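# What the coordinates show
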Amino acid sequence: MSTDIAQFAAFLQTELELTTGIHAILEQERDALANNDLQGLQTLQQEKTLCLRQLQDHAEQRLLWMKASGLPQSAQCLQHQDIAAAANIRLLWSNLENQYKQNQKLSVQLSDIVLHARHRTLQKLKILRGQQNDPHLYNDKGKASSLKQGQGYIQV
């Protein structure tokens, strides 16, 4: 049975375009976070959600097609006799793999940015609420006043 190389190439090309679009959105999110552009972030979140749905649907279609064609659903499909002869498939697969890795790396960076921003915000809220905000850092003996002596004993 001969595999439809053109169909497989079309699947990979479309998936590559979608992942590249998601990468662009992730970069815009990073810029919006840096500029505290909440309205822009909200718009980008909606765009990203739509693109991710499209990518998921498309990837599912590709995987179903690969299964129906008797191809392994991994990089081992590149060893199939019909696909091994097509140079464009190997290049598309490699580009798609690299794009997924770039997107993952950028997602981790965005996650770190958001977690650090969350931590800073929580620290600011603690200060505003007066929690853990001792204005007297040292006592008259030069010791940190926030360190309570004898905390291991029951205080009456």
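Scroll up to find the structure this text is about.
As a starting point, this report considers the structure included with it. (Residues numbered from 1 in each chain as written. Predicted model: local features only at pLDDT ≥ 70, side-chain atom pairs only at ≥ 80, totals over all residues. Heavy atoms only, no water.)

Right, let's get into the packing of helix α1 (residues 5-34) against helix α2 (residues 38-68). In the contact formed by α1 and α2, the axes pass within 9 Å of each other and the chain directions differ by 160°. Considering their axes alone, α1 and α2 lie roughly antiparallel with respect to each other. In the crossing of α1 with α2, the sense of the turn from one axis to the other is left-handed. Of the residues contributing to the contact of α1 with α2, the split by class is 17 nonpolar, eight polar and five charged. (Axes fitted to C-alpha atoms, helices over the stretch in contact; angles between N-to-C directions. Helix = DSSP H or I, 4+ residues; strand = E, 2+ residues; numbered from the N terminus. Parallel < 35°, antiparallel > 145°, perpendicular 65-115°, else oblique. Left-handed = near helix turned anticlockwise from the far one by under 90°. Nonpolar A, V, L, I, M, F, W, Y, C, P; charged D, E, K, R; others polar.)

Our next topic: the packing of aromatic side chains. For the structure on display, the rule yields three aromatic pairs. Here the aromatic rings of F8 and W93 are separated by 6.4 Å at their centres, their planes lie at 40°, and the arrangement is tilted. Here W93 lies in helix α4 (residues 87-129) and F8 lies in helix α1, a separation of 85 residues in the sequence. W93 matches F8 in its accessibility class, with the two residues each being buried. Each ring, one from F11 and one from W65, has its centre 5.8 Å from the other, and the planes form 50°; the classification is tilted. With F11 in helix α1 and W65 in helix α2, the pair connects residues that are 54 residues apart, well separated along the chain. Classification of F11 as buried rests on a relative accessible area of 9%. (Phe/Tyr/Trp six-rings, centres within 6.5 Å; stacked < 30°, edge-to-face > 60°. Buried < 20%, exposed > 50% of the residue type's maximum accessible area, 1.4 Å probe, protein only.)

Note that E29 resides in helix α1. Apart from the residues within four sequence positions on either side, E29 is in contact with L41, L44, Q45, K48 and L110. (Contact = heavy atoms within 4.5 Å.)

What follows deals with the layout of surface pockets. Size it by volume and the largest pocket reaches roughly 190 Å³. Lining of the largest pocket is provided by R30, A32, L33, A34, N36, L38, L41, I113, A117 and R120. Elements that contribute at least two residues to the lining of the largest pocket include exactly α1, α2 and α4. Residues that form the lining of the largest pocket fall into these classes: seven nonpolar, one polar and two charged. (1 Å grid on protein atoms, 1.4 Å probe; cavity = no way out; pocket = protein on both sides within 12 Å on 5 of 7 lines; lining within 4 Å. Points joined across faces, edges and corners; volume = space filled by probe spheres on them.)

Under the defined criterion, the tally for this structure stands at three salt bridges. For E29, the salt bridge goes to K48, with nearest N and O atoms at 3.2 Å. Of this pair, E29 sits in helix α1 while K48 sits in helix α2, and the two are 19 residues apart along the sequence. Accessibility expressed as a relative area gives 16% for K48, which makes it buried. A salt bridge links K101 to E97, with the shortest nitrogen-to-oxygen separation between them at 3.9 Å. In this pair, K101 and E97 both sit in helix α4, four residues apart, roughly one turn of the helix. For K101, a relative accessible area of 51% puts it in the exposed group. (Salt bridge = Lys/Arg side-chain N within 4 Å of Asp/Glu carboxyl O.)

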